[in-house]
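Coordinates in review
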Amino acid sequence: MLSLKDLTADVVDDDENATQILTGLSLDVPAGEVHAIMGPNGAGKSTLSYLLTGRDGYEPTGGTAMFDGEELFELEPEARAAKGLFLSFQYPLEIPGVPVMTFVRTAMNAQRKARGEDEISAPDFLKKARAVAKQLKIDADMLKRPLNVGFSGGEKKRLEIFQMMMLEPRFLILDETDSGLDIDALKVVAEGVNALRAPERGMLVITHYQRLLDHIQPDKVHVLAAGKIIKTGGPDLALRLEKEGYDGVLAEAA
Amino acid sequence: MNALATSTPEEVQIAERYNALRNDARRARAFEAYADHGLPHRRVEGWRWSDLRVALKGLGRGEAAPKDPFQNVDAAVFRFDDNGFTPPKSRPAGVRWISQLETPAFGGAEELPMAALAAALADDPSAVVIEIGGELAAPLRLVFEGSGDRFHHVAVIVRQGGAAHIVESHLSGGGFANTALEFEVEDGARLDRTIYQAGVSESVGLVTAKAHVGAGSNFTQSALAFGSKLSRLETHLSFQKSGGVAVLDGAYLLDDGFHADTTTHVRHMVGHCETQQLIKGAVKSGGKGVFQGKFLVARDAQKTDAQMAHHALLLEDGGEVNAKPELEIYADDVQCAHGNTTGALDADALFYMRQRGIPEADAKAILTASFVAEAFERIDNDEVKEIFEQEASRWLMASL
């Protein structure tokens, strides 16, 4: 479903200075599977999520990224979203003046329009929003407030999952979704993510710590260091990293 | 006429127009207040970013004026257009007006030469005095529309304890429109003033207002300006009695080739009065926004609360915003502050919205609309507020 081959990429700052962050990353996530990417700070984890979703300043320099057989880097960010690519942000942005409900409905209808589908009806949207909010224990009043403005870190993460469950993307990238969550919130969020597991859907879970993977069981675990995948294994690899730290695995690879 | 020696062709035209009018002492006094200075230009204090003398060269004539977004609002309409003045069809309770034969004096003409010019050239019946007693149920609309040179002078008096909402439309399809307005808000009265301005790239418009706010009175102004070749909304407000409250909000949205100037001058001459001001702007490449705000707090004006904020967004490279916020404070027990920023849309927020599937242009329009809408929050009429929000969104959706 998502297939990355020998990917190299730069991060370009406002003064056009480029720094290479990905150095030849290869990765395959088939439909129906959940893959975790773990790695030390500065390994390129967030760079990968921004590169895949098309943020300015993250420039592919070589290799290929195919999503459902299509060249990902030829699409604008909004077109990638309409194809079903969803990033749960490590630091969700505040959108002043735009209530959560308005925002999600605008996004949903924009995606539908891009796919040539009809807009969702107001009653259908409301019904769905109520059901998802209930499942995530989100207060109805919160959905009337401007998106993420004045929300706590945990509330913002919960709202990311809310958007994800509303938009039902085909491929999920979770970037450090566990950061800022207490253990109860983490459970609620993980339940939401697990509810989206489906044979036609792929997921990439980016995390520094293993604890999220207790709740979202990955099929495969990849270790990202210095811009490429240096080791791939099953869920036991995450446990080993938790116990031994990254140093052991890094030393092996070197 | 000492200015005649160096007159521009436009100044000569203005003098000819004056000479053709029936003369009287008030008109002469107003005209002299203008003629002492002539048309202001960029070397004149307060006109540096709005060079009227240059802008008046080569104006268009006779294009259709932009549409009036308030035309379906249920209100009595005072219409000023190329055919002169048309009063409302029926007289709302509590409202009287005189379109008088004599030129009404424009008080303080010497300080506001361009308003004085409007008063001097406002031929009968383009000079109107509207008097309001009691609380009006519906807004009154003043519509200024046309495509030739035109000059108007309107005075609005809200008597003690009265309340009114004046909705102004300044719509221009060409020419030089110059309007002088005087607002007298007597003790314990309230006046809401909503201003909509839209012109073309070949029109010039000045709207100069003077407001006196009485004891415990409220004057709430909200503007939405789309600019023109040169457009200036200028408001001079003074508190002579304590307990007054003023709001001077506004927004400007500017396309390539459009200019909008918001100039306000508030004088706190007595204590215990409050001024709140929030001006928002959004400017595309080739647009030019100007904000000049001044709060003067006199030595005796203790307990003054005056807050000024101007925030502008440059929607594209090549937009221009000039701002001059000024506080001149002689009292020591006051709360006064000003804030002024000019910047671009938050790139991170834009990416976030696009990642959710919202196309870039829509994301920009949504973010800008919500940025601008803050300047409409103090409009005390939901229908009018909604029209402002819709007009702003319509422009943003069409031009981004």
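Note that the coordinates shown come from a computational prediction; the quantities given were computed from them, not determined experimentally.

A tally of regular secondary structure across chain B gives seven helices and 19 strands. A compact globule built from 400 residues would reach a C-alpha radius of gyration of about 21 Å, and chain B, at 21 Å, matches this within 12%. Taken across its 400 residues, chain B has 53% of its residues classed as buried. Nonlocal contacts in chain B, meaning residues at least 24 apart in sequence, comprise 84% of its contacts between residues at least 6 apart.

Residues and elements named next belong to chain A. It is the contact of helix α5 (residues 153–167) with helix α6 (residues 183–195), at a shortest axis distance of 10 Å, that shows an interaxial angle of 10°. Comparing their axes, α6 and α5 come out roughly parallel. Here Gly154, Lys157, Arg158, Ile161 and Met165 of α5 lie close against α6, whose contacting residues are Ala185, Val188, Val189, Gly192 and Val193. Along the lines of polarity and charge, the residues of the contact of α5 with α6 split into six nonpolar, two polar and two charged.

What follows concerns α5(A). Residues and elements named next belong to chain A. A rise of 1.5 Å per residue sets the reference length of α5, with its 15 residues, at 21 Å; its end C-alpha atoms lie 21 Å apart and thus fit the reference within 8%. Looking only at α5, the buried set comprises Lys157, Arg158, Leu159, Glu160, Ile161, Phe162, Gln163, Met164, Met165 and Met166. Of the surrounding secondary structure, the elements contacted by the buried residues of α5 are β6 (85–88), α3 (100–114), α4 (122–135), β7 (171–175) and α6. Glutamate 168 lies just past α5 and shows a positive phi near 45°.

Time to look at the sheet that holds strand β5 (residues 70–71) of chain A. One key point about sheets: their strands pair by backbone hydrogen bonds, in either a parallel or an antiparallel sense. Residue and element names in this part refer to chain A. Pairing is antiparallel in the open sheet, where four strands are placed in the order β2-β1-β4-β5. Only two strands of the sheet have a single partner each, and these edge strands are β2 (18–29) and β5. Pairing geometry for strand β4 (residues 58–67) and β5, over two bridges, is antiparallel. What sits directly across from phenylalanine 67, in β5, is glutamate 70.

Before going further, it helps to spend a moment on the nonpolar core. Within the largest apolar cluster, 200 residues are counted, with the highest numbers of intra-cluster contacts made by Val205(A), Ala116(B), Ala118(B), Ala119(B), Ala120(B), Leu253(B) and Ala392(B). At eight residues, the largest contribution of residues to this core is made by helix α4 (residues 113–121) of chain B. Residues within four places of Ala119(B) in sequence aside, it is in contact with Ala30(B), Phe106(B), Ala109(B), His153(B) and Ala180(B).

To continue, consider the environment of Gly319(B). Residue and element names in this part refer to chain B. Inspection of the secondary structure assignment puts glycine 319 in the loop between β17 (305–314) and β18 (320–329). Taking the C-beta count within 10 Å as the criterion, glycine 319 has 23 such neighbours and is therefore assigned buried. Sequence-wise, glycine 319 and lysine 284 are 35 residues apart; in three dimensions their C-alpha atoms are separated by 5.1 Å. Once you skip the residues sitting within four places of it in the chain, glycine 319 turns out to touch Val283, Lys284, Ser285, Gly287 and Leu314.

About the cut-offs
- Residues numbered from 1 in each chain as written.
- Chains lettered and ligands numbered in written order.
- Predicted model: local features only at pLDDT ≥ 70, side-chain atom pairs only at ≥ 80, totals over all residues.
- Helix = DSSP H or I, 4+ residues; strand = E, 2+ residues; numbered from the N terminus.
- Rg over C-alpha atoms; globule rule 2.2 N^0.38 Å.
- Buried ≥ 20, exposed ≤ 12 C-beta atoms within 10 Å, placed from the backbone.
- Contact = placed C-beta atoms within 7 Å.
- Axes fitted to C-alpha atoms, helices over the stretch in contact; angles between N-to-C directions.
- Parallel < 35°, antiparallel > 145°, perpendicular 65-115°, else oblique.
- Nonpolar A, V, L, I, M, F, W, Y, C, P; charged D, E, K, R; others polar.
- Expected span 1.5 Å × (residues − 1).
- Pairing = 2+ DSSP bridges.
- Core = buried A, V, L, I, M, F, W, Y, C linked by C-beta atoms within 7 Å.

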